[in-house]
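Observations on the model geometry
Here is what each chain is made of, one letter per residue.
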2 protein chains.
Amino acid sequence: MPHLRFLLHGDEQLIRPELERCGLREAVARVQHTDKRVLMDEKPGLALRRGKGSSMWNAVDAVQQGEADLVISAGNSGAFMVIARLLLGMRSGLDRPALVSPIPSRTGFTTFLDLGANIDCDANRLVEFAVMGDAFHRAAYTVENPRIGLLNVNTDPAKAGEVLKRANEQLGNVALGLNYRGLIAASAITSGEVDVVVTDGFTGNVALKAMEGTVRMIGGSLRDALSRSPAAVMGALLAQRPLNRVKQRFNRAPAALLVGLNRWAVKSHGAANVGDFTMALATATDMVTSNFGLELDRSLARLKPAALH
Amino acid sequence: MPHLRFLLHGDEQLIRPELERCGLREAVARVQHTDKRVLMDEKPGLALRRGKGSSMWNAVDAVQQGEADLVISAGNSGAFMVIARLLLGMRSGLDRPALVSPIPSRTGFTTFLDLGANIDCDANRLVEFAVMGDAFHRAAYTVENPRIGLLNVNTDPAKAGEVLKRANEQLGNVALGLNYRGLIAASAITSGEVDVVVTDGFTGNVALKAMEGTVRMIGGSLRDALSRSPAAVMGALLAQRPLNRVKQRFNRAPAALLVGLNRWAVKSHGAANVGDFTMALATATDMVTSNFGLELDRSLARLKPAALH
């Protein structure tokens, strides 16, 4: 991440000592002071009405004003989303943003959305997610025709619920130009059989957290197992480098990017550590310099003639 | 599993050679021949109308007739469920069975349901799942007051959807006698913070398959990493025993038990191998000899006065 500069919003008295500890100079990290903030449990609607002047609001506004290329927050997700939507605006043709994240798979990364921005979703919303996920995957991984799947408990459309049945039909519409592979089970999120997995925000959030919990649990079991006997400790030392690579690949809370807005807003975990935050930044800066905007416009241009809205 | 005897239903000409390969004598494994079977993609309704005399039907019927203590099938899940419900009947006070499975957690096992038997669930159904999960966990792990959580994207009831809000209120009713801990995120499935996680069959199925996929993916990455250099191979050899224990704990497709019926019916994966099937059998025979029936009746007796139905 060359030439990265930071604009930090919040209580200067709290931020300043941290910057000095990291040795970040004024030229690289500027602080815009405010002591107003959005609380973690504040209702999004309230944050929207009263949030003006808070660190979150100012950070999003700086992107809108052109002072920053992207905003990243580890704060209240719901508040961040509504403030970003209000200040940055939606891409023409889209209704609401989605949270998207790359998930490690057996063959690379799967683009997975929505991760919790939209709890209730109708078929049109799911089609919008597919269009956004398609553009995201093309821009992030320069894959020409990402394979797209719609999450269900099985692959048979006849057994699907009404919303999924309708979304499945719409996504199969050739006018959309998607490489749509139909309904898929959740094993496909990590198997590599598709590139993009589309679901509603409730299911996506549950699947993401279930997978993260599984990674943490296996990591903990491996740490225990590899410290239990002298032979195991020795073995772990010998295999340290490859084991660390596996750990780095999986043991990281991924950043979730808000897609569908006119500018970039990134949600990091509330419990993000330095490594998580660095990865969030890396993913986000990659996207800022990618051709995602062009890719999305190309896809959106096909969404309207397909007459789904 | 001492004194286990098998009654196998299906094409005798196909089963017989397999039994001989395993060295299982007639006294241990009896075959009840039929060449009629329920196909994997057959609609459950059709299987119910035309399934009589099929291997699946006969296997379930043998339990009803008292010839077997439990039935285990790796076949068509939907068909198995409706046939089991028809022939074995529901426990008085319950409406439909749920699929339940123990999931490895950081502290032991979490009882997780429903894993796909009921795609659409109202609040009453979720309360029934909690009652069944509670009894299951008490019987399987002799825990007196299992902590029960209701799966959501966050823990705040004010932000929950209508169905979850209502189920959350009902589960908090002290007359039910549950150790109910409220709404939980999916990280709780493996964290050990609760003993029983309740959700609808769609979400449960997605979470289960997402977790299974994650286990497979990490397993594959570890195998690759530990074979890439001589040092890593040596290290893996030294740590072989503890690594295998971790593998055995996680790398197994768990059996899903149908609870709420008058007798035991167990669903094994369509892709189950010998190890998976053995574990399914072990879990199921444990439950047959457990006091689950008594525990469930105790809980159901409280469900009615709580006036939720």
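Please refer to the structure higher up on the page.
The paragraphs below set out a description of the structure included in this document. (Residues numbered from 1 in each chain as written. Chains lettered and ligands numbered in written order. Predicted model: local features only at pLDDT ≥ 70, side-chain atom pairs only at ≥ 80, totals over all residues. Heavy atoms only, no water.)

If you tally the helices and strands in chain A, you get 12 helices and 10 strands. Relative to the compact-globule value of 19 Å for 309 residues, chain A shows a C-alpha radius of gyration of 21 Å, a close match. Counting only C-alpha atoms and orienting by the principal axes, one finds that chain A spans roughly 60 × 60 × 35 Å. In chain A, which comprises 309 residues, the share counted as buried stands at 53%. For chain A, the proportion of contacts with a sequence separation of at least 24, taken over those separated by at least 6, is 69%. Surface summary for chain A: the accessible area is close to 14200 Å², and the carbon and sulfur share equals 51%. Taking the average place of the 36 positive charges on the side chains of chain A and the average place of its 30 negative ones, the gap between the two points comes to 3 Å. (Helix = DSSP H or I, 4+ residues; strand = E, 2+ residues; numbered from the N terminus. Rg over C-alpha atoms; globule rule 2.2 N^0.38 Å. Buried < 20%, exposed > 50% of the residue type's maximum accessible area, 1.4 Å probe, protein only. Contact = heavy atoms within 4.5 Å. Areas by Shrake-Rupley, 256 points an atom, 1.4 Å probe, with all protein chains shown as cover. Lys, Arg positive; Asp, Glu negative; His and termini not counted. Charge placed at Lys NZ, Arg CZ, Asp CG, Glu CD.)

Next up on the list: the pattern of salt bridges. As enumerated under the stated definition, the model contains 22 salt bridges over all chains in all. Here R91 of chain A makes a salt bridge to D297 of chain A, at a shortest N to O gap of 3.1 Å. Taken together, the positions of R91 of chain A in the loop between helix 4 (77-88) and strand 4 (98-104) and D297 of chain A in helix 12 (residues 292-303) put the pair 206 residues apart, joining distant regions of the chain. For R91 of chain A, a relative accessible area of 17% corresponds to the buried category. Between R16 of chain B and E12 of chain B there is a salt bridge, with the nearest N and O atoms lying 2.7 Å from each other. Taken together, the residues span about one helical turn, with R16 of chain B and E12 of chain B both in helix 1 (residues 12-22) at a distance of 4 residues. Judged by its relative accessible area of 24%, R16 of chain B falls in the partly exposed class. For E12 of chain B, a relative accessible area of 28% puts it in the partly exposed group. Overlapping salt bridges bring together D134, R138, E144, E295 and R298 of chain A as one network. (Salt bridge = Lys/Arg side-chain N within 4 Å of Asp/Glu carboxyl O.)

So, about the packing of helix 5 (residues 123-141) of chain B against helix 12 (residues 292-303) of chain B. Residue and element names in this part refer to chain B. At a closest axis distance of 8 Å, the pairing of helix 5 and helix 12 adopts a crossing angle of 145°. The interaxial crossing formed by helix 5 with helix 12 has right-handed handedness. Judged by residue contacts, V127, E128, V131, M132, D134, A135, F136, R138 and A139 of helix 5 engage F292, E295, L296, R298, S299, L300, R302 and L303 from helix 12. Grouping the amino acids of the contact of helix 5 with helix 12 by side-chain chemistry returns 10 nonpolar, 1 polar and 6 charged. (Axes fitted to C-alpha atoms, helices over the stretch in contact; angles between N-to-C directions. Left-handed = near helix turned anticlockwise from the far one by under 90°. Nonpolar A, V, L, I, M, F, W, Y, C, P; charged D, E, K, R; others polar.)

This brings us to helix 4 of chain A. All names here are of chain A. Helix length check: helix 4, at 12 residues, gives a terminal C-alpha distance of 16 Å against a target of 16 Å (1.5 Å per residue), a fit within 8%. Listing the buried residues of helix 4 in full gives G78, A79, F80, M81, I83, A84, L87 and L88. Among the structural elements, helix 2 (44-50), helix 3 (55-64), strand 3 (70-73), strand 4, strand 9 (256-259) and strand 10 (264-267) are those in contact with the buried residues of helix 4. One side-chain oxygen of the residue at the start of helix 4 lies 3.2 Å from the amide nitrogen of G78, identifying that residue as N76. (Expected span 1.5 Å × (residues − 1). Polar contact = N/O pair within 3.5 Å; in protein donor to acceptor, adjacent residues only side chain to side chain.)

A rotation about some axis, followed by a shift along it, carries one copy of the chain onto the other. The transform that puts chain B on chain A rotates by 180° and translates by 0.0 Å along the axis, for an RMSD of 0.0 Å. Given the turn and translation reported, the copies of this chain are related as if by a two-fold rotation axis. Rotation axis and chain B: the residue whose C-alpha lies nearest the axis is G235 of chain B, separated from it by 1.8 Å. By residue overlap, the copies meet face to face through one surface: 100% of the interface positions of chain B are interface positions in chain A. (Least-squares fit on C-alpha atoms with pLDDT ≥ 70 in both.)

This part covers the nonpolar core. One broad rule of soluble globular proteins: the nonpolar side chains tend to lie buried together. Residues F112, L113, L150, I189, V198, V259 and F292 of chain B are the most contacted members of the largest nonpolar core, which totals 82 residues. With 10 residues, the single largest contributor to this core is helix 5 of chain B. When near neighbours in sequence (up to four residues on either side) are disregarded, F292 of chain B contacts M132, A135, F136, A139, V259, W264 and M287 of chain B. Membership of the second largest hydrophobic core comes to 81 residues, among which are L70, V71, M81 and L208 of chain A. (Core = buried A, V, L, I, M, F, W, Y, C linked by side-chain atoms within 4.5 Å.)

Bringing the pairing of strand 5 (residues 109-113) of chain B into the picture now. All names here are of chain B. In terms of burial, strand 5 is a largely internal element, 4 of the 5 residues being buried. With antiparallel pairing between neighbouring strands as the criterion, strand 4 (residues 98-104) and strand 5 make up a hairpin whose turn holds 4 residues. Bridge analysis of strand 5 against strand 8 (residues 196-198) gives 3 bridges, and the strand direction is parallel. Opposite T111, over in strand 8, you have V196 as the bridge partner. (Pairing = 2+ DSSP bridges.)

A few words on the sheet that holds strand 5 (residues 109-113) of chain A. Residue and element names in this part refer to chain A. In space, the 8 strands of this open sheet follow the order 3-10-9-4-5-8-6-7, with mixed pairing throughout. With one partner strand each, in any of the chains shown, strand 3 and strand 7 (179-184) form the two edges of the open sheet. Direction aside, the axes of adjacent strands within the sheet are offset by 25° on average. In terms of strand pairing, strand 9 meets strand 10 through 3 bridges, oriented antiparallel. Among the inter-strand pairings, A256 is bridged to a residue of strand 10, identified as K267. Where helix 5 (residues 123-141) meets the sheet, it contacts strand 4, strand 5, strand 6 (147-151), strand 8 (196-198), strand 9 and strand 10, and its direction lies at approximately 150° from that of strand 5. This element, helix 8 (residues 201-225), spans strand 4, strand 5 and strand 6 of the sheet and lies at about 140° to strand 5.

What follows deals with unusual backbone geometry. Most peptide bonds take the trans form, and the phi angle of most residues other than glycine is negative. Residue and element names in this part refer to chain A. Cis geometry marks the peptide bond from L113 to D114; its omega dihedral reads 0°. Relative to the helices and strands, D114 resides in the loop between strand 5 and helix 5. At T142, a position not held by glycine, the phi torsion is positive, near 40°. Locating T142 in the fold gives a position in the loop between helix 5 and strand 6.

Let us now look at the interface of chain B and chain A. Taken together, the 46 residues of chain B in the interface contact 46 residues of chain A. Summing both partners gives a buried area of about 4100 Å² for chain B against chain A, and 77% of it is carried by carbon and sulfur. Considering only the surface of chain B that becomes buried against chain A, V153, F202 and M217 of chain B emerge as the three largest contributors, covering 15% of it. Linking chain B with chain A are 0 salt bridges, by the criterion used here. Linking chain B to chain A there are 4 residue pairs in polar contact (both at pLDDT 80 or more). (Buried area = accessible area lost by both parts, 1.4 Å probe.)

Moving on, we get to the side chain of T111 of chain A. Residue and element names in this part refer to chain A. Inspection of the secondary structure puts T111 in strand 5. Judged by its relative accessible area of 0%, T111 falls in the buried class. Excluding anything up to four places from it in sequence, T111 contacts V100, S101, G133, F136, H137, Y141, D195, V196 and V197.

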